[in-house]
Each structure stands twice: as structure tokens, then as C-alpha cells.
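Descriptive structure summary
Spelled out, the chains give:
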Amino acid sequence: PPTLHGRDWINLTNEEKVQEDSDPYMIPQSGPRSSFHSLAGAYVVGTVNPELYKLPEDKSETDFPEGNIGRLWFSIEYEQESERLLVSLIKVRKLQPPADSCSPFVKIYLLPDERSYLQSKTKRKTLNPQFDENFVFQVSSKMLLQRTLKFLVYRVDKQKKHHLLGQVIFPLKNETLTDDNKLVIWRDLEKENLEPPSDYGDIQFSLSYNDYLGRLTVVVLRARGLKLQEESHAVSVYVKVSLMNHNKFIKSKKTAAVLGSPNPVYNETFSFKTDQTELDTASLSLSVLQSIKGERTHLLGRVVVGPFMYTRGKELEHWNEMINKPKELVKRWHALCHST
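One numbering rule holds for all chains: residues counted from 1, following each sequence as written. In keeping with the predicted nature of the model, local features appear solely for residues at pLDDT of at least 70, side-chain atom pairs appear and are counted solely at 80 or more, and the whole-chain, interface and lining totals rest on all residues. Note that the side-chain values use all heavy atoms of the structure and ignore hydrogens as well as water.

A short note on the nonpolar core
Which entries qualify depends on this criterion: In this description, a nonpolar core means a group of buried Ala, Val, Leu, Ile, Met, Phe, Trp, Tyr and Cys residues linked to one another through side-chain atoms lying within 4.5 Å. Here the term buried applies to any residue with accessible area under 20% of the maximum for its type, exposed to any over 50%, and partly exposed to those in between, with areas from a 1.4 Å probe on protein chains only. Every helix listed is a DSSP run of H or I at least four residues long, and every strand listed is a run of E at least two residues long, numbered separately from the N terminus. Contacts: residue pairs with any heavy atoms within 4.5 Å of one another.
Core analysis: the biggest nonpolar cluster contains 31 residues, and Ile203, Val218, Val220, Val241, Leu284 and Leu286 have the highest contact counts within it. If you list the elements that add at least two residues to this core, you get strand 13 (202–210), strand 14 (215–224), strand 15 (235–245), strand 18 (265–273), strand 19 (282–292), strand 20 (298–305) and helix 1 (313–324). Not counting residues within four places of it along the chain, the set of residues in contact with Ile203 comprises Val220, Arg222, Ala223, Val239, Leu286, Val288, Val303, Arg332, Trp333, His334 and Leu336. Counting residues in hydrophobic clusters, the runner-up holds 29 residues, among them Val92, Phe131, Leu177 and Ile185.

What about the side chain of Ser120?
Rules: The term polar contact refers here to a pair of N or O atoms within 3.5 Å; inside protein, the definition further demands a hydrogen-donor-capable atom paired with an acceptor-capable atom, and it admits residues adjacent in sequence only when both atoms are side-chain atoms.
With respect to the helices, strands and loops of the structure, Ser120 is situated in the loop between strand 8 (113–119) and strand 9 (130–138). Among the residues examined, Ser120 registers a relative accessible area of 6% and is labelled buried. Here Val106 takes part through its backbone nitrogen, which lies 2.9 Å from a polar atom of the side chain of Ser120. Not counting chain neighbours up to four residues away, the residues in contact with Ser120 comprise Leu89, Phe105, Val106, Phe131, Glu133 and Phe135.

Brief notes about the pairing of strand 16 (residues 248–254)
Operational definition: Here a strand pair is declared whenever DSSP counts at least two bridges between the two strands.
Where strand 15 meets strand 16, 6 bridges bridge the pair, whose relative direction is antiparallel. Its bridge partner lying in strand 16, Lys240 is registered against Lys254. Counted between consecutive antiparallel strands, the loop separating strand 15 from strand 16 contains 2 residues, among which His246 sits at a positive phi close to 55°.

So, the sheet that holds strand 21 (residues 330–335)
Spelled out, the test is: Axis lines are fitted to C-alpha atoms, over the contacting stretch for helices. Their N-to-C directions set the angle, which ranges from 0 to 180 degrees.
Spatially, 18-14-13-21 is the arrangement adopted by the 4 strands of the open sheet, whose pairing is antiparallel. Each of the sheet's edge strands pairs with one partner strand only, and the pair in question is strand 18 and strand 21. Within the sheet, the average angular offset between the axes of one strand and its neighbour, ignoring direction, is 25°. Judged from the 7 bridges that link them, strand 14 and strand 18 form a sheet pairing that is antiparallel. Pairing of Val218 across the sheet is with Phe270, part of strand 18. Against the sheet, helix 1 engages strand 13, strand 14 and strand 21, with an angle of about 170° to strand 21.

Some details on the confidence of the model for the protein
The condition that has to hold: The pLDDT value expresses, per residue, how confident the predictor is, ranging between 0 and 100.
Chain-level statistics for the protein give a pLDDT mean of 80 and a share of 77% at 70 or above. Of all the helices and strands in the protein, strand 2 (residues 17–20) carries the lowest mean pLDDT, 37, while strand 13 carries the highest, 95. Taken together, the stretch residues 5–46 has pLDDT below 50 and engages in 47 contacts with residues farther than four places along the chain or on a different chain.

Looking at the pattern of salt bridges
Put simply, the rule is: Definition used for salt bridges: Asp or Glu carboxyl oxygen within 4 Å of a side-chain nitrogen of Lys or Arg.
Applying the stated criterion across every chain yields a total of 10 salt bridges. Note that Glu268 and Lys173 form a salt bridge whose closest N and O atoms lie 3.1 Å from each other. Highlighted residues: Glu268 in strand 18 and Lys173 in the loop between strand 11 (162–171) and strand 12 (183–188), separated in sequence by 95 residues. For Lys173, a relative accessible area of 22% gives the class partly exposed. Of the charged contacts, one joins Glu317 and Arg332 as a salt bridge, the two residues approaching to 3.1 Å between their closest N and O atoms. Of this pair, Glu317 sits in helix 1 while Arg332 sits in strand 21; the two residues are 15 residues apart in sequence, bridging distant segments of the chain. A residue is classified by how much of its surface remains accessible, and Glu317, at 45% relative accessible area, is partly exposed. Residue Arg332 is classed as partly exposed on the basis of its relative accessible area, which comes to 24%. In the salt-bridge network here, residues are joined through shared partners; they are Glu317, Glu321, Lys325 and Arg332.

Here it is, written out as C-alpha cells:
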């Protein structure tokens, strides 16, 4: 094997070392060639093709949809033995404050508890704050999947007033949280619904229609301001989604029940087979129901979305927007009413 005398070493930015040929007999004559000299697991590399070492592009750092108001990265991990939920707040990117100057911070809640929260440090004058802060919530493994993380991103102005820039709501029920399983997640910020809840509360859901598959999809996201008959952990709240045609019942599906919260988060998706010709006569009824152990079910409120035959106002607009934007999820809040 060739000796390495008289060779100079060059440090590259990717921390690999490449030897510089000073021996004319060692210059490859027919394109680049790699030679390896192994010594206790160390390898001397003759030439490096940088294209082989490129990491796949992280789309989360570059693909921001139109109207985006910011994106938040965090990680979660659950320690079974100590029953601790570990939350790492990593960073926020591309904040869109109304003012030029922005000094952001984040409040973190573990819903349904909205009275207590943990708070990050404030980052001075940046639209792309890097936090790298760790937070711990004590929560039993029995209750873990009933809980929801809520991140509120604020900015502080010169008068030290706090202004909400956006929020992220993240239910834990869909995640597999075990020891040594750290999940890194990113979510786009959403604007909080600042209007006061309606008399019976509000529900947020998305609609989508796939004309090719003949499939109507409903994503039940969350409800707020519900008037529970009794506020306790014995109370469970769920949503029943029913497909109707000419006011005739076709099929219904239910979300999982959320315990003891007037602001439950669901994030559950349901699909119904619906022919395109039926969209003028079909409708969807979403009923929010409460049940208490050993007692009958109680209706908290309902909303119906559908064509002109059944609905007006926001409910009709939502249905028409779904039809006009095939395969696209159209998300809206709706006021619940108590009429049957």
C-alpha cells in the first residue's frame, strides 16, 4: 500500500479529512478515485463526493403556505415511572406581527386545565426566536391521552403589554408516548377565535368533498364555551356526526368522549360515501352530547350544514365552499343551537 509520507492534511467544513496529493505518482489519471487505509477503525479518504453527503431538504423550514402567521417546533416525551410529560419548546419561525419590532414568548398549557401554565423566556427583537427550553408537566398515564397541549405565542410591546400572535392546539390522544420515544413535531400557528362564544357554545370542523372517490370527509376539530350540566371528570362530551338525505337518516359516527371540559379538542376524521348528484339533497348534522355516569345523554347543541334546501348563512357558505374547492379541507367555526 502507498505510504502517507509528505502529505498535507486539509480540514473540510463537513469535518471529514481529505489528503492533498503532493506525490505526482498518486494523482489519479482517470477521474476521482478513493483509497482507504484502515487503522483501528479510522479511514483515510482519498476523495469525497459532496453530493453523497447532502441531507434531504427539510421542507418544514421552507414550505410556508400563503397566509401563514408562523410555525412552531416542539418535542414531547413521557416518562412512565415518574409520570412526567417532558415538553421541549424548540423554535418559532416566520412570525407575522402587526408592528416591525417583535419580542416573542410562549405560554404552554396542558388542557383541560386553563388556569395554570408554564412560560418561556422572552426573545428580544426577532421574528424567528430560538428557545430550546424544557418544561415538565406532572400527569398520570391514565389521564395522559385525555390531555391536550396548547401553545400561545405572544409579543411584548414597548409598553410591556402582551399581544397574542397565534396558537397551536395539540391533542395527545393520537400519539404513542413511551419511554425513550421523543417525538419532534411542528405545527403552523392559528389565530385564536377572539369572539365570545355563542349562547350554547361553538364547534369547529373542516369539510372536504372528493368528487373522484365520491367521498365526503368531516374533521371534527374542537368545541368551546359548552354549557355543561355539571362540571366534573364524570362528565364526558362527544360529537355525533350524522349524514342525512332528504331529511332521512343515512349514517352516523361518533368521536371519542372527552372528560370534564367545556372546551374539548377532538381532531377526528370521518368519511361518508356520497355521490356527487346527492350534494343538493344531502346534509350533515353535528350534535354535541354530554353523558354522566349512570344518566341519560343530554344534547348541548347542534349545527346543520348543507345546501340551500336546509340551511342559510354561514352553514350554507361552508357547504358551498366545500363544493367549490374539491379535495381541499375547508375549516370554519359554527355556533351551536338547541333546536331539534
